Amino acid sequence: MVKKIIPLLLVLVLLSGCGEKEKQVYQTVFLDVFDTVTTLRGYEESEQAFQQRAEQVHQALQEYHKLFDIYNDYPGGLKQVNDNAGLSPVQVDRAVLDLLKDCRDYYELTQGRVNVAMGSVLYLWHEAREAGLNDPEHAALPEMEKLKEAAKHTSFDTVLLDEQAGTVFLSDPSQRLDVGAVAKGWTAQRVSQLLPEGYMLNVGGNVCTRGVKPGGGKWNIAVQSPNAGEDNLCVVSLAGQSLVTSGDYQRSYTVDGKRYHHIIDPDTLMPSEYWRSVSILCDDSGLADCLSTALFLLPLEEGKALAEQYNVEVMWVDADMNITQTPGFTAALRE
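## Topic: the packing of aromatic side chains
Tallied over the full model, the rule gives 10 aromatic pairs. Plain terms: the ring middles of Tyr 64 and Trp 186 are 5.9 Å apart, the flat faces sit at 85 degrees to each other, and that makes the pair edge-to-face. On the criterion of sequence distance, the pair formed by Tyr 64 in helix H1 (residues 47-68) and Trp 186 in helix H6 (residues 183-192) is long-range, its members being 122 residues apart. Judged on exposure class, the residue Tyr 64 and its partner Trp 186 are both buried. Put simply, the rings of Tyr 26, Phe 50 and Tyr 199 pair up and form one aromatic cluster.

## A look at the pattern of salt bridges
Side-chain pairs of opposite charge can arise where the charged atoms are in close proximity. The full count for this structure, using the stated rule, is 14 salt bridges. For Arg 94, the salt bridge is made with Asp 98, and the minimal N-O distance between the two is 3.0 Å. Remark: Asp 98 and Arg 94 occur in helix H3 (residues 94-109); sequence separation between them is four residues, near one turn of the helix. In this structure Asp 98 comes out as partly exposed when scored by relative accessible area, which is 27%.

## Here we look at the nonpolar core
Core analysis: the biggest nonpolar cluster contains 67 residues, and Phe 68 and Leu 295 have the highest contact counts within it. Apart from the residues within four sequence positions on either side, Leu 295 is in contact with Trp 275, Val 278, Ile 280, Gly 303, Leu 306, Ala 307, Val 314 and Trp 316. One finds Ile 221, Val 236, Leu 243 and Met 315 within the second-largest nonpolar core, a separate group that totals 15 residues.

## Observations regarding the sheet that holds strand E5 (residues 159-162)
With antiparallel pairing, the three strands of this open sheet are ordered in space as E4-E6-E5. Bordering the open sheet on either side are strand E4 (90-91) and E5, each of which pairs with just one other strand. Sheet analysis places E4 next to strand E6 (residues 167-170), joined by two bridges and oriented antiparallel. By the bridge assignment, Gln 91 is partnered in E6 with Thr 167. Packed onto the sheet, H3 meets E5 and E6 and runs at close to 130 degrees relative to E5.

## Some words on unusual backbone geometry
Across residues other than glycine, the phi torsion is negative in most instances, and most of the peptide bonds are trans. At Asp 35, a residue that is not glycine, the phi angle is positive and equals roughly 50 degrees. Examined against the element boundaries, Asp 35 turns out to sit in the loop between strand E2 (23-33) and strand E3 (36-44). We note that Leu 269 has phi near 65 degrees; this positive angle belongs to a residue other than glycine. As for its placement among the helices and strands, Leu 269 is situated in the loop between strand E13 (258-260) and strand E14 (277-282).

## Regarding the environment of Gly 328
Topologically, Gly 328 is positioned in helix H9 (residues 327-331). Judged by relative accessible area, which is 24%, Gly 328 ranks as partly exposed. Each C-alpha atom of the pair Gly 328 and Arg 190 lies 25 Å from the other, and the pair is 138 residues apart in sequence.

Each value, and the rule that gives it
- Residues numbered from 1 in each chain as written.
- Predicted model: local features only at pLDDT ≥ 70, side-chain atom pairs only at ≥ 80, totals over all residues.
- Heavy atoms only, no water.
- Phe/Tyr/Trp six-rings, centres within 6.5 Å; stacked < 30°, edge-to-face > 60°.
- Helix = DSSP H or I, 4+ residues; strand = E, 2+ residues; numbered from the N terminus.
- Buried < 20%, exposed > 50% of the residue type's maximum accessible area, 1.4 Å probe, protein only.
- Salt bridge = Lys/Arg side-chain N within 4 Å of Asp/Glu carboxyl O.
- Core = buried A, V, L, I, M, F, W, Y, C linked by side-chain atoms within 4.5 Å.
- Contact = heavy atoms within 4.5 Å.
- Pairing = 2+ DSSP bridges.
- Axes fitted to C-alpha atoms, helices over the stretch in contact; angles between N-to-C directions.

Here it is as structure tokens:
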């Protein structure tokens, strides 16, 4: 377990009411879940109280990480479902069923833009990206014919969920699941429910806040620029909401001088080129994770329509670093 506690002793907030102890802010960083940096920050009366909360959160994150891992085998997890595609239903942990039920809803609400049954396509991109990063001189794109063949096995209709039996069955033997587009946000939302007010959980850019800070202060969360080394784009003030960003600067590699990222358009089977990043502000981190991906794959007007349908606030950043925001997103910026 890689973990450290960093007390931020300079930040001290008095609680209202006579006789109540002062709370100070503590922070810990986890480096062993979801292949990303996870930060937990919260206000407690003692470091011991914070550490107890942190351990509870860390254990929950580790459990979800194992269940949704498609590269390593854990009982009741997604890799077992993939390994048994076309063979037999697999008894899974309840969290896997719950996630896939929500993923079915995400598939429908985005008209297939967010599709965790695209694992066969995403695997080809993953393999090409890993090979390219390991040997940049010979970096290459996946073969389009192989991508098109894999795309024939991405229907959610062949993902069979049996809640009564507690099983998942991929009836197409060539189908694979990959929940990377939604798992961090979905997990962050559920794990954050373990926390009282006065906490912030950030799972690799999927931010959940629990109420406000003691004394009523909001959480100020920076949105990273897609260009490495540049200042943050803005700072958003949150009070119980979630903020999630999808960007082309994560998990990318270069072929013949052009950079290719990991957010794949199901129509073209290539990385989408509409946006550099899309940030979603709403109450549910799982929905935000889903919609940040969906809107990344859509032109502006279609994205605006989908955002309005689900009452979320959005910031889009295009290839020239022009920024478009919904009025609610602008209103949430730190003054």
